[in-house]
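The lines below spell out each chain.
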Amino acid sequence: MKVNTEDVKRVLRESIDSARSVLDELDQAREELIRLSREAIRESGRAIVEVHRGDLESALRHMERCEDATMKLLSLASGYPQLLYTGLVNNAVSEYVEARLFISIVVEGRLPGYGELAGRGVPLVPYLQGLGDLVGEIKRLSLELVREGRYNDAWALLEVAEAVYLELQSLDYPDALLPGVRRKADVARRIVDDLKAMLVDLGKRDELARLLRENLEALGAGHH
């Protein structure tokens, strides 16, 4: 056997040079995706905080910045299948989805569907992940509404949260297809159960307080 060592070395050099070129491009794209991901997550968090503070104008400004970063991220990642379906992209996009859905419910009273966001390039998995995370923000807002005495609005949000949980729970697929979605559905169920128990308890207390007031008023009227 006679091996042409020079030819083997040449092929190796060319192959590794090609690999290095591809990997350098991927690495640069990944670094930019990390930057955009951080920006999207930061702005989505700020948007949600501003909603809870009641400053919807500020929330919408942060949401606009979040959307801009997310769209740039998706546009860049779409050219690199090795990066598009990674946790790096999914995490950032799911945070965007969560904030977008939450703000739409609060500001417009509606829930943007998957078809609507898919038209913007949002993949299925982060949409469902963001939908699951939405339940936690709904609970926070419900508690704020209860503190303001707005029980009907709190119950309406509970109904939305329960619908989200039930629909997610119906997706009986392995984690390999829907990473993290089953776990988020389980967390959502616990949140919904806790919120429902709390609202029922508060409702009973409110009813008891009303009955006590009526009885005291009746007793007061009887003395006159």
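Residues numbered from 1 in each chain as written. Predicted model: local features only at pLDDT ≥ 70, side-chain atom pairs only at ≥ 80, totals over all residues. Heavy atoms only, no water.

Caption draft 1: Region of interest: the overall build of the protein chain. Helix and strand counts for the protein chain come out as eight helices and zero strands. From first element to last, N terminus to C terminus, the protein chain shows the α and β order α-α-α-α-α-α-α-α. Whereas a compact globule of 224 residues would reach a radius of gyration of roughly 17 Å, the protein chain reaches 26 Å, over 25% beyond that. Principal axes of the C-alpha set define a box for the protein chain whose edges measure 120 × 40 × 25 Å. Residues classed as buried in the protein chain amount to 37% of the 224 residues present. For the protein chain, restricting intrachain contacts to residue pairs at least 6 apart in sequence, the fraction spanning at least 24 positions comes to 67%. As presented, the protein chain carries roughly 13300 Å² of accessible surface, and 53% of it is formed by carbon and sulfur atoms. Where the 31 positive side-chain charges of the protein chain centre and where its 39 negative ones centre are 4 Å apart. (Helix = DSSP H or I, 4+ residues; strand = E, 2+ residues; numbered from the N terminus. Rg over C-alpha atoms; globule rule 2.2 N^0.38 Å. Buried < 20%, exposed > 50% of the residue type's maximum accessible area, 1.4 Å probe, protein only. Contact = heavy atoms within 4.5 Å. Areas by Shrake-Rupley, 256 points an atom, 1.4 Å probe, with all protein chains shown as cover. Lys, Arg positive; Asp, Glu negative; His and termini not counted. Charge placed at Lys NZ, Arg CZ, Asp CG, Glu CD.)

Caption draft 2: Region of interest: the nonpolar core. Ranked by internal contacts, the top residues of the largest apolar core, which has 55 residues, are Leu73, Leu74, Val89, Tyr96, Val97, Val122 and Tyr127. Within the residue set of this core, elements represented by two or more residues are helix 1 (5–53), helix 2 (56–77), helix 3 (81–84), helix 4 (87–108), helix 6 (124–147), helix 7 (151–169) and helix 8 (181–223). Not counting chain neighbours up to four residues away, the residues in contact with Leu74 comprise Leu84, Val89, Val93, Arg120, Gly121, Val122 and Pro123. (Core = buried A, V, L, I, M, F, W, Y, C linked by side-chain atoms within 4.5 Å.)

Caption draft 3: Looking closely at the side chain of Glu67. Mapped onto the elements, Glu67 comes out in helix 2. Exposure remark for Glu67: the relative accessible area of 16% places this residue in the buried category. Within the local environment of Glu67, its side chain forms a polar contact with the side chain of Arg120, the two groups lying 2.4 Å apart. (Polar contact = N/O pair within 3.5 Å; in protein donor to acceptor, adjacent residues only side chain to side chain.)

Caption draft 4: Layout of the environment of Leu131. One can find Leu131 in helix 6. Separated by 31 residues in the primary sequence, Leu131 and Arg100 place their C-alpha atoms 9.9 Å from one another. Excluding its chain neighbours within four sequence positions, the residues that come into contact with Leu131 are Val97, Leu101, Leu111, Val164 and Leu168.

Caption draft 5: How the structure looks around the packing of helix 1 against helix 2. One can describe the packing of helix 1 onto helix 2 by two numbers: an axis separation of 8 Å at closest approach and a directional angle of 160°. As far as their axial angle goes, helix 2 and helix 1 are roughly antiparallel. In the packing of helix 1 onto helix 2, the handedness of the crossing is left-handed. Per-class residue counts for the contact of helix 1 with helix 2 are 14 nonpolar, five polar and seven charged. (Axes fitted to C-alpha atoms, helices over the stretch in contact; angles between N-to-C directions. Parallel < 35°, antiparallel > 145°, perpendicular 65-115°, else oblique. Left-handed = near helix turned anticlockwise from the far one by under 90°. Nonpolar A, V, L, I, M, F, W, Y, C, P; charged D, E, K, R; others polar.)

Caption draft 6: The arrangement of the pattern of salt bridges in detail. Inspection of the entire model under this criterion finds 23 salt bridges. Across the salt bridge formed by Asp7 and Arg10, the nearest N and O atoms sit 2.6 Å from each other. Of the two residues, Asp7 and Arg10 both sit in helix 1, three residues apart, roughly one turn of that helix. By relative accessible area, Arg10 is classed as partly exposed at 35%. Each of Glu67, Arg100, Glu108, Arg110, Glu116 and Arg120 takes part in one network of salt bridges that share partners. (Salt bridge = Lys/Arg side-chain N within 4 Å of Asp/Glu carboxyl O.)

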